[in-house]
Amino acid sequence: MKHPDYNSANALKTFMEERGMAMQKKFGQNFLLNETARKRLIDALDIDEKTLVWEVGPGLGSMTSEILSRGASLCAFEIDRGFAACLKEFFEDEINENRFSLVEGDVLKTWKARAEAQKENMPTRFFGNLPYNVAATIIADTISAGVRFEKAVFTVQKEVAERMCASKNTENYSSFSVLCQWAYDVKPLLDLAGGNFWPKPNVASRAVIMSRRDDFPRCNNPDFFMKMQRSLFASRRKTVKNNLTTFLCNAEKASAALIAAGIDEKRRAEELSIEELLKLSDCAGEIK
């Protein structure tokens, strides 16, 4: 089966109507029509014929086609059965060449099993025009599970991208900001207005590029750090002393950890740099 014209909303709509298919809002489905933008996104992914890639939400395969055209091998995660059936037909040759494989179902429920199955040959690239309702979750889940890619390129809702790149002392700085920047160098790549997509979303999108940090994890106990920093941001109006007390279940230990880390107990989590949070994690973890 020949794929439709990925640059034409009318062609995509006609293709789907002829096959009794429909876009499902619950899956956050929007196709990127801008061919120049698609190429720029894959350029940023920096792939060649030796690269292994994971793609989330391929839809009808516009980005999949671009990735495969550059010689890379690809595993795609697709929740929509209709799209999955089309992908198998569009990329039948690549499937036979063992360059393309498809994991059907909710990526949040399937990615760990796939990672375990190919742990000896994990991909170095992670890509997706991510559904807005799962973007932050899939990024956080992989980092929390200790899975980091050499490079990841995601198109997400602009608000999510702003949180990913936020600096301390800004309203978008959050536990998610810390998690992303702890594991990766995160930079904005390009903005995409709603008119670049079909159907046109009600929100603006932004692509971000994430490059794996070589100095990770920079703390003694990564699991403890993740839990602690999440707790510190849980009640943004409370001081770091109050939130740390709740986390440690002990006010004296919280005070001792803050003194050891050189952090004023009246400060709030959004005022702390990632380096300060890492130091606090080590100090709090050493207190008996």
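For the structure, see preceding data.
Worth saying up front: this structure is predicted, and the values here are computed from it rather than measured.

Colleague: Just checking my understanding: could you explain the nonpolar core for this structure?
Modeller: In this structure, Ile 139, Phe 154, Met 164, Met 210, Leu 277 and Leu 280 are the most contacted members of the largest nonpolar core, which totals 57 residues. Apart from residues no more than four positions distant in its own chain, Met 164 is found in contact with Ile 139, Val 156, Phe 176, Ser 177, Cys 180, Gln 181, Val 186, Val 208 and Met 210. Within the second largest apolar cluster, 36 residues are counted, among which are Leu 33, Val 53, Phe 127 and Val 153.

Colleague: Where do I start with unusual backbone geometry in this structure?
Modeller: In most cases, non-glycine residues show a negative phi, while peptide bonds are predominantly trans. A cis amide bond links Trp 198 with the next residue in sequence, Pro 199, at an omega value of -10°. Within the fold, Pro 199 resides in the loop between β8 (197-198) and β9 (205-212). Look at the link from Phe 216 to Pro 217: it is a cis peptide, with omega at 5°. By the secondary structure assignment, Pro 217 is in the loop between β9 and α10 (222-232). Unusually for a residue other than glycine, Asp 46 sits at a positive phi of about 60°. Among the secondary structure elements, Asp 46 is positioned in the loop between α2 (35-45) and β2 (52-56). For Asp 46, a relative accessible area of 45% puts it in the partly exposed group.

Colleague: Would you mind showing me how to read the pattern of salt bridges here?
Modeller: If charged atoms from side chains of opposite charge come close, those side chains can pair. This structure, assessed with the given rule, holds 19 salt bridges. For Lys 151, the salt bridge identified is with Asp 46, shortest N-O distance 3.9 Å. Taken together, the positions of Lys 151 in strand β6 (residues 151-157) and Asp 46 in the loop between α2 and β2 put the pair 105 residues apart, joining distant regions of the chain. The shortest N-O distance in the salt bridge between Asp 215 and Arg 213 comes to 2.8 Å. Linked through salt bridges whose partners overlap, the residues forming this network are Asp 185, Arg 213, Asp 215, Arg 218 and Glu 275.

Colleague: When you look at the packing of helix α6 (residues 107-117) against helix α7 (residues 135-144) in this model, what are you seeing that I'm missing?
Modeller: Geometrically, a packed helix pair is captured by the angle between its two axes and the distance between the axes. In contact at an axis separation of 11 Å, α6 and α7 are set at 25° when each is read in the N-to-C sense. In terms of orientation, α6 lies roughly parallel with respect to α7. Crossing handedness for the pair α6 and α7: right-handed. Of the residues in α7, those touching α6 at Val 107, Leu 108 and Trp 111 are Thr 137, Ile 138, Asp 141 and Thr 142. A class-by-class count of the residues in the contact of α6 with α7 yields 4 nonpolar, 2 polar and 1 charged.

Reading the values: the criteria
Residues numbered from 1 in each chain as written. Predicted model: local features only at pLDDT ≥ 70, side-chain atom pairs only at ≥ 80, totals over all residues. Heavy atoms only, no water. Core = buried A, V, L, I, M, F, W, Y, C linked by side-chain atoms within 4.5 Å. Buried < 20%, exposed > 50% of the residue type's maximum accessible area, 1.4 Å probe, protein only. Contact = heavy atoms within 4.5 Å. Helix = DSSP H or I, 4+ residues; strand = E, 2+ residues; numbered from the N terminus. Salt bridge = Lys/Arg side-chain N within 4 Å of Asp/Glu carboxyl O. Axes fitted to C-alpha atoms, helices over the stretch in contact; angles between N-to-C directions. Parallel < 35°, antiparallel > 145°, perpendicular 65-115°, else oblique. Left-handed = near helix turned anticlockwise from the far one by under 90°. Nonpolar A, V, L, I, M, F, W, Y, C, P; charged D, E, K, R; others polar.

Geometry only, nothing functional implied.
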